[in-house]
Amino acid sequence: MSAHRFHAPVSALLRETAETIVMPRFQALAAHEIAEKSPGDIVTVADHESEERLSAALAAICPEARIVGEEAAVENPAMLDELGEGMVWLVDPLDGTTNFSEGVTPFAIMVALLVDGETEAGWIYDPVARRMCHAHRGNGAFVDGRSIRARPTGEPRPIAALGVHFLSEDERAGLERRAGGKLRIVAIPRCAGEQYPRLALGENDMTLFARSWPYDHAPGALLLAEAGGKTAWPDGTLYTPTKRRPGLLSAATPQLWDQAAEILFG
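Let me begin by describing the structure that accompanies this report.

Cut-off values and rules
Residues numbered from 1 in each chain as written. Predicted model: local features only at pLDDT ≥ 70, side-chain atom pairs only at ≥ 80, totals over all residues. Heavy atoms only, no water. Helix = DSSP H or I, 4+ residues; strand = E, 2+ residues; numbered from the N terminus. Rg over C-alpha atoms; globule rule 2.2 N^0.38 Å. Buried < 20%, exposed > 50% of the residue type's maximum accessible area, 1.4 Å probe, protein only. Contact = heavy atoms within 4.5 Å. Areas by Shrake-Rupley, 256 points an atom, 1.4 Å probe, with all protein chains shown as cover. Pairing = 2+ DSSP bridges. Axes fitted to C-alpha atoms, helices over the stretch in contact; angles between N-to-C directions. Parallel < 35°, antiparallel > 145°, perpendicular 65-115°, else oblique. Nonpolar A, V, L, I, M, F, W, Y, C, P; charged D, E, K, R; others polar. Expected span 1.5 Å × (residues − 1). Polar contact = N/O pair within 3.5 Å; in protein donor to acceptor, adjacent residues only side chain to side chain. Salt bridge = Lys/Arg side-chain N within 4 Å of Asp/Glu carboxyl O.

Looking at the overall build of the protein
Then comes step 1: Each helix and strand in the protein was counted, giving eight helices and 14 strands.
Then comes step 2: Taking 2.2 N^0.38 as the reference for a compact globule, 266 residues should give roughly 18 Å; the C-alpha atoms of the protein span a radius of gyration of 18 Å, in line with that estimate.
Then comes step 3: Judged by the C-alpha coordinates and their principal axes, the protein covers about 50 × 45 × 35 Å.
Then comes step 4: Split into buried and exposed, the 266 residues of the protein put 56% on the buried side.
Then comes step 5: Sequence-distant contacts in the protein: of pairs separated by 6 or more residues, those separated by 24 or more amount to 62%.
Then comes step 6: If you sum the accessible surface of the protein, you get close to 11300 Å²; carbon and sulfur atoms cover 50% of it.

Right, here's the structure in full:
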């Protein structure tokens, strides 16, 4: 199944959703338009409106595919148990919602197309930079239509962005101790839709995500893989959106992934 036929309409949809729904709400949210789904996990009216628009349009683009949106899955978690069956549009209507709710960047809109549990295509759109990242399995990774290959930063100590917000204090301390003197730790962007492009574009060498919700990672993990990088769990099992395990490690190259895994997990 070729996902190429979906590229133009999905790209146009993400741009249109950003222009008409997301950006008009940026730095203009009222207090009652922001809520917590769970402690530290923010949702806004823009998330809901974006998901409604994307879901309706994706159903028209490919009617045979089911729609699994982040906010719908919060209400009905069983939807995530069926990602391995048939065609699925996986929708993250606003990644980096905490940033968005605070009136800062980055944030992104993301869509992935799954077929029998494998990510066949993915799109990541940055509405502020107007940057479109996309990838098709076996056909490469692209930023604004330009083919890219992931590469190390070349820094003496690899640059690592460690997502430790959802880890315990002991887990955070252990990671920081093991990384000490071996990695240069930088702040995470609080947005997977920004973190994966940073790896693919040579800005960071590696990153650790505490959580692995499929709508957060399916588009970016494919982008990075098609660019030559690697996303896997600590035991080396390659990422797939049908598995939800803690501690997902990504790196710009397989060699950097091995180095990161040795340092962080021993």
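Remarks on the pairing of strand 5 (residues 108-115)
A regular strand places its side chains on the two faces of the sheet in alternate fashion.
Then comes step 1: The element strand 5 is largely enclosed, with a buried count of eight among its eight residues.
Then comes step 2: Bridge count between strand 4 (residues 87-95) and strand 5: seven bridges; the pairing is antiparallel. Within strand 5, the position partnered with Val88 by the bridge is Leu114.
Then comes step 3: As defined by bridge partners, strand 5 adjoins strand 6 (residues 118-126) across seven bridges and the pair is classed as antiparallel. Each bridged residue has a counterpart across the sheet, and for Met110 the counterpart in strand 6 is Ile124.

Focus on the pairing of strand 14 (residues 248-251)
Then comes step 1: Neither face of strand 14 is exposed, since Leu248 and Ser250 on one face and Leu249 and Ala251 on the opposite face are all buried.
Then comes step 2: As paired strands, strand 12 (residues 206-209) and strand 14 are joined by four bridges and run antiparallel to one another. The residue of strand 14 that forms the bridge with Met206 is Ala251.
Then comes step 3: Pairing between strand 13 (residues 230-232) and strand 14: three bridges, direction antiparallel. When the sheet's bridge partners are listed, Thr231 is paired in strand 14 with Ser250.

Regarding the packing of helix 6 (residues 192-200) against helix 7 (residues 214-226)
Then comes step 1: Two elements in contact, helix 6 and helix 7, have axes separated by 9 Å at closest approach and are oriented at 10°. Taken together, the axis directions place helix 6 and helix 7 in an arrangement best described as roughly parallel. Across the interface between the two elements, Ala192, Tyr196, Pro197, Leu199 and Ala200 from helix 6 touch Asp216, His217, Gly220, Ala221, Leu223 and Leu224 from helix 7.
Then comes step 2: Counted by class, the contact of helix 6 with helix 7 contains eight nonpolar, two polar and one charged residues.

Some words on helix 2 (residues 45-61)
Then comes step 1: Taking 1.5 Å of rise per residue, 17 residues should cover 24 Å, and helix 2 covers 24 Å from first to last C-alpha, within 8% of that figure.
Then comes step 2: Regarding helix 2, its N-cap is Thr44, as a side-chain oxygen of that residue lies 3.1 Å from the backbone nitrogen of Ala46 further along.

Structural notes on the pattern of salt bridges
Then comes step 1: For the structure on display, the rule yields 13 salt bridges.
Then comes step 2: For Arg137, the salt bridge is made with Glu120, and the minimal N-O distance between the two is 3.8 Å. With a gap of 17 residues between them, Arg137 in the loop between strand 7 (131-136) and strand 8 (141-143) and Glu120 in strand 6 connect regions that are remote in the sequence.
Then comes step 3: Through salt bridges that share partners, Arg25, Glu33 and Glu49 make up one connected network.

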